[in-house]
Amino acid sequence: MSTETPGIDPLLALRAPRDPACDVFLTGTVFLDIIFTGLDSAPVRGTESWARGMGSSPGGVANMATALARLGLHTSLAAAFGDDHYGTYCWDALEQGEGIDLSMSHTVPGWHSPVTVSMAYEGERTMVSHGHEAPPPPGPPGPGAPGATAPAATTTAAGPAAGRPPVFPHCPPRARAAIASLAPGRSEPWVAAAARNGALIFADVGWDETGRWDLDALPDLAHCEAFLPNAEEAMRYTRTDCPRAAAHALAERVPLAVVTLGAEGAYAVDGRTGAAAEVPAIEVEALDPTGAGDVFVAGFVTGTLADWPLADRLAFAGLTAALSVQEFGGSLSAPGWAEIAAWWQLVRTCDRQNPAALERYAFLDDLLPATARAWPLRRAVPTIGFRQ
């Protein structure tokens, strides 16, 4: 687990006795990620490539769950876990290592854990995944322990484990927010149920394999507080040739439209007020971009629940994503408050910093302690250590 700066709760001033115990609920597929690092170039067909380092960690939806938990949000995850060593490791890493509530999760006897092999090189990564769709649990999951199991299914559908609709839960826990992944032609009952129970729904979306790019084919968008596509997705869905114009078009459908612009940062529009905000990206040496989009969403959710101004939410989301790509791995690279505090202390002492750029992050002064550990910090340790 990442070493945290103690005592930082971004929602502390807003908490009340009758608030839900869960800040953020999410569901999806947990993969075991095996990451090869230190590759000089992409693997070449017909040859053997040697990596200078490797590691493994929970991946998939675990990336976002870990990012949320490390930012101090009480996070509940509903997922299926295999009863193999991979599944046991991922369960323990998330529950014991990160403090994530797994009471909505279950273990499936005889089902092997989905696995992704990721190769990081030249600031990019190539991934190969394998998995089978998990059979549904027989009913409400038991207490949060690997022993809360579902009987093995007689058949298991082969194919990608990611991108398929979660088979649970239909009755998610009461929460301040929930995060959904939208897909064309798919409606998940739990999203509407969470919204009815008062949760703010934050949603991203994947590539539309149908090629239709029809917003009306995303029925759960009607339940969303915020929609966070990347620039290409946003332009295709809105039939525009400018990501900023796409954000304004999306703001006619959702209260908050956030479009990520890659190296240019992010642009957001508040559909209720018409206010817009844009924050440039922080220039960093990207070692591994795995999970950066998930970390961005976690940062934006944190700022929204804390009721920060829109520009501060964007800046914070971009900062957390930038810190994550400087480390290898998905969930392991998600920064906590210790990393954020160390970064803020470092940049204020560097020569020739742009005063306007520093002012953009001045809101951190009210969140972070006066002293912080020196940068860089040692992050979480994977099952097999990363080396360059």
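Below or above, wherever it landed, is the structure these notes cover. (Residues numbered from 1 in each chain as written. Predicted model: local features only at pLDDT ≥ 70, side-chain atom pairs only at ≥ 80, totals over all residues. Heavy atoms only, no water.)

### Focus: the overall build of the protein
The helix and strand tally for the protein stands at 9 helices and 14 strands. For the protein, the proportion of its 388 residues judged to be buried stands at 52%. Sequence separation of 24 or more characterises 70% of the internal contacts of the protein that already satisfy a separation of 6 or more. (Helix = DSSP H or I, 4+ residues; strand = E, 2+ residues; numbered from the N terminus. Buried < 20%, exposed > 50% of the residue type's maximum accessible area, 1.4 Å probe, protein only. Contact = heavy atoms within 4.5 Å.)

### Description of the sheet that holds strand 13 (residues 266–270)
Strand order in this open sheet of 8 strands is 4-1-9-10-11-12-13-14, and the pairing throughout is mixed. This sheet does not close on itself; its edge strands, each paired only once, are strand 4 (75–78) and strand 14 (276–279). Direction aside, the axes of adjacent strands within the sheet are offset by 20° on average. (Pairing = 2+ DSSP bridges. Axes fitted to C-alpha atoms, helices over the stretch in contact; angles between N-to-C directions.)

### Let's talk about helix 8 (residues 337–349)
In a regular helix each residue adds 1.5 Å, so 13 residues correspond to 18 Å; helix 8 covers 19 Å between its end C-alpha atoms and thus fits that length. Contacts from the buried residues of helix 8 go to helix 1 (61–70), helix 7 (310–324) and helix 9 (355–360). (Expected span 1.5 Å × (residues − 1).)

### Considerations on the packing of aromatic side chains
Per the stated rule, a full pass over the model turns up 10 aromatic pairs. Both rings, one in tryptophan 308 and one in phenylalanine 316, keep their centres 5.1 Å apart while their planes meet at 90°; by these two values the pair is edge-to-face. Each member of the pair, tryptophan 308 as well as phenylalanine 316, is classed as buried. The rings of Trp308, Phe316, Trp337, Trp343, Trp344, Tyr361 and Phe363 are connected pair by pair, giving a single aromatic cluster. (Phe/Tyr/Trp six-rings, centres within 6.5 Å; stacked < 30°, edge-to-face > 60°.)

### Side note on helix 7
The end-to-end C-alpha distance of helix 7, which contains 15 residues, comes to 21 Å, matching closely the 21 Å that a straight helix rising 1.5 Å per residue would cover. For helix 7, the tally of buried residues reaches 13 of 15 residues, placing the bulk of the element in the interior.

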